[in-house]
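# Structural overview
Okay, here's what each chain looks like letter by letter:
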Amino acid sequence: MATATCPSCESDVALDAVPRQNEIVECGDCRSELEILSLEPVVLAVAPEVEEDWGE
């Protein structure tokens, strides 16, 4: 199982056996939602907040 570092709290985040780019994962320590930006090496970033679309 692969791990990566949480950009918010710097703890290790466990990833699926086969992580996918743009997949959303959750940090087990701080509960931040994180997006996998790249796979080689695995880079995580805080996932953008989903905004409600008022016009549609």
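Look up: the structure comes first, before these words.
Here goes a summary of the coordinates provided. (Residues numbered from 1 in each chain as written. Predicted model: local features only at pLDDT ≥ 70, side-chain atom pairs only at ≥ 80, totals over all residues. Heavy atoms only, no water.)

## Describing the environment of V13
Note the cut-off: Helix and strand definitions here come from DSSP, where helices need a minimum of 4 consecutive H or I residues and strands a minimum of 2 consecutive E residues; each element is numbered from the N-terminal end. The buried label goes to any residue with under 20% of its type's maximum accessible area, the exposed label to any with over 50%, and the partly exposed label to all in between, with areas taken from a 1.4 Å probe on protein chains only. Between two residues, a contact is recorded if the distance between any of their heavy atoms is within 4.5 Å.
Tracing the backbone through its elements, the reader meets V13 in strand β2 (residues 12-14). Given a relative accessible area of 1%, V13 falls into the buried group. When the C-alpha positions of V13 and E26 are compared, they lie 7.7 Å apart, and in sequence the two are 13 residues distant. Setting aside its immediate chain neighbours within four residues, V13 contacts A2, T3, A4, C6, V25, E26, C27, L34 and L44.

## A closer look at unusual backbone geometry
With an omega dihedral of -5°, the bond running from E40 to P41 counts as a cis peptide bond. Position of P41 relative to the elements: it lies in the loop between β4 (33-39) and β5 (42-46). Although it is not a glycine, N22 sits at a positive phi angle of roughly 75°. Tracing the backbone through its elements, the reader meets N22 in the loop between β2 and β3 (24-26). A positive phi angle, close to 65°, is found at R31, a residue other than glycine. Relative to the helices and strands, R31 resides in the loop between β3 and β4.

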